[in-house]
Structure formats: C-alpha cells, structure tokens
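Structural description and commentary
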Amino acid sequence: QVQLVESGGGLVQTGGSLRLSCAASGRTFSNYAMAWFRQAPGKERELVAGIKWSGGRTYYADSVKGRFTISRDNAKNTVYLQMNSLKPEDTAVYYCARHRGEYYSGSNYDRGDLYDYWGRGAQVTVSS
C-alpha cells in the first residue's frame, strides 16, 4: 500500500509563493510518474503538473506555465510543486497522485483515472 502525504499549503497574498511537498511511502517511488492536481470549490479537478518517473520530462497546465515548477527527489521519495506569482484563481485543494504505469513514458497525464494513489490534499488560498 502506498501513502501520499501533502504538506506546505496555506494562505498567501497575490504574487506570493508557496512550495508544496508530497512524501510517498514504499520502495518503488522512483519507478512511477507523479502529478499534482487541484480542485477549486464548484469546479472539476484539473491537472496542474506532471513529472516522468526519471524526472526528465515535465508537463504543465497552460494556466500555470511559467509560474509553477514540478520536481522530484527520488532519494527522498518526495515530489514538489513550487508555486510563484500566485493568483486568487489558484485557490484550491491540491492533490498529489501516482501514475498507474510503472516506468510510464507517454505524455498522457491529465485524466484522473490514470492514477492509482492519491493524497488527502493541501489547501492553498490566495488572497487578493
């Protein structure tokens, strides 16, 4: 069983920064692509960013390109989301998730059913 635990959420003003972390249990973290999703009140869950198992390729939603950076440290079983220039529309609960495919090398990251483990989420609130 894999557990994902997010941390680093909070309240920040417009233009500020936050760094989310997602710590994973288990010995095969480095074999799987990871992603961050978010869900705002009254809206559907959406992909924010994804990263290949090796860390060599990343994917971003158009709304966060140039402001957010996803990274991973396989030695620490942790994936990160650095969020800069935050806007009120970034307010949401942010979830990390593990892709189903071991050593997945495709570019399909945006569907929730591609992921088998999810964290409980971290609230990010950006005030105007």
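A short tour of the structure in this document, coming up. (Residues numbered from 1 in each chain as written. Predicted model: local features only at pLDDT ≥ 70, side-chain atom pairs only at ≥ 80, totals over all residues. Heavy atoms only, no water.)

Here's the deal with the pairing of strand β1 (residues 4–7)
Rule in force here: Exposure categories follow from relative accessible area, calculated using a 1.4 Å probe and restricted to protein chains: below 20% of the type maximum is buried, above 50% is exposed, and the middle band is partly exposed. Labels follow the DSSP assignment, with helices taken as runs of H or I lasting at least four residues and strands as runs of E lasting at least two, numbered in each case from the N terminus. Here, a strand pair is defined by DSSP locating no fewer than two bridges between the strands.
With burial as the criterion, only one face of β1 is covered, namely that bearing Leu4 and Glu6; the residues Val5 and Ser7 on the opposite face remain uncovered. Examined bridge by bridge, β1 and strand β3 (residues 18–24) share 4 bridges and lie antiparallel to one another. By the bridge assignment, Leu4 is partnered in β3 with Ala24.

Concerning the pairing of strand β9 (residues 92–102)
Relative to β9, strand β4 (residues 32–39) runs antiparallel, the two sharing 7 bridges. Residue pairing for β9: Gln39 is matched across the bridge by Val93. By the bridge criterion, 3 bridges tie β9 to strand β11 (residues 122–127) in an arrangement that is antiparallel. Bridge pairing in β11 places Tyr94 opposite Ala122.

Here we look at the packing of aromatic side chains
Put simply, the rule is: Aromatic rings from Phe, Tyr and Trp, taking only the six-membered ring of Trp, are treated as a pair when their centres fall within 6.5 Å; an angle between ring planes under 30 degrees marks them as stacked, one over 60 as edge-to-face, and anything in between as tilted. Distance and angle both matter: a charge sits over a ring if NZ of Lys or CZ of Arg is within 6 Å of the ring centre and within 35 degrees of the ring normal.
Counted according to the given criterion, the structure contains 6 aromatic pairs. Here the aromatic rings of Phe37 and Trp118 are separated by 5.0 Å at their centres, their planes lie at 55°, and the arrangement is tilted. Here Trp118 lies in strand β10 (residues 115–118) and Phe37 lies in strand β4, a separation of 81 residues in the sequence. Among the aromatic residues, ring-to-ring pairing joins Phe37, Tyr115 and Trp118 into one connected group. Sitting over the face of the ring of Tyr80, Arg19 holds its NZ or CZ atom 4.0 Å from the ring centroid.

Side note on the environment of Gly16
With respect to the element layout, Gly16 can be found in the loop between β2 (10–13) and β3. Residue Gly16 is classed as buried on the basis of its relative accessible area, which comes to 18%. Each C-alpha atom, one on Gly16 and one on Thr69, is 14 Å from the other, the two residues being 53 residues apart in sequence.

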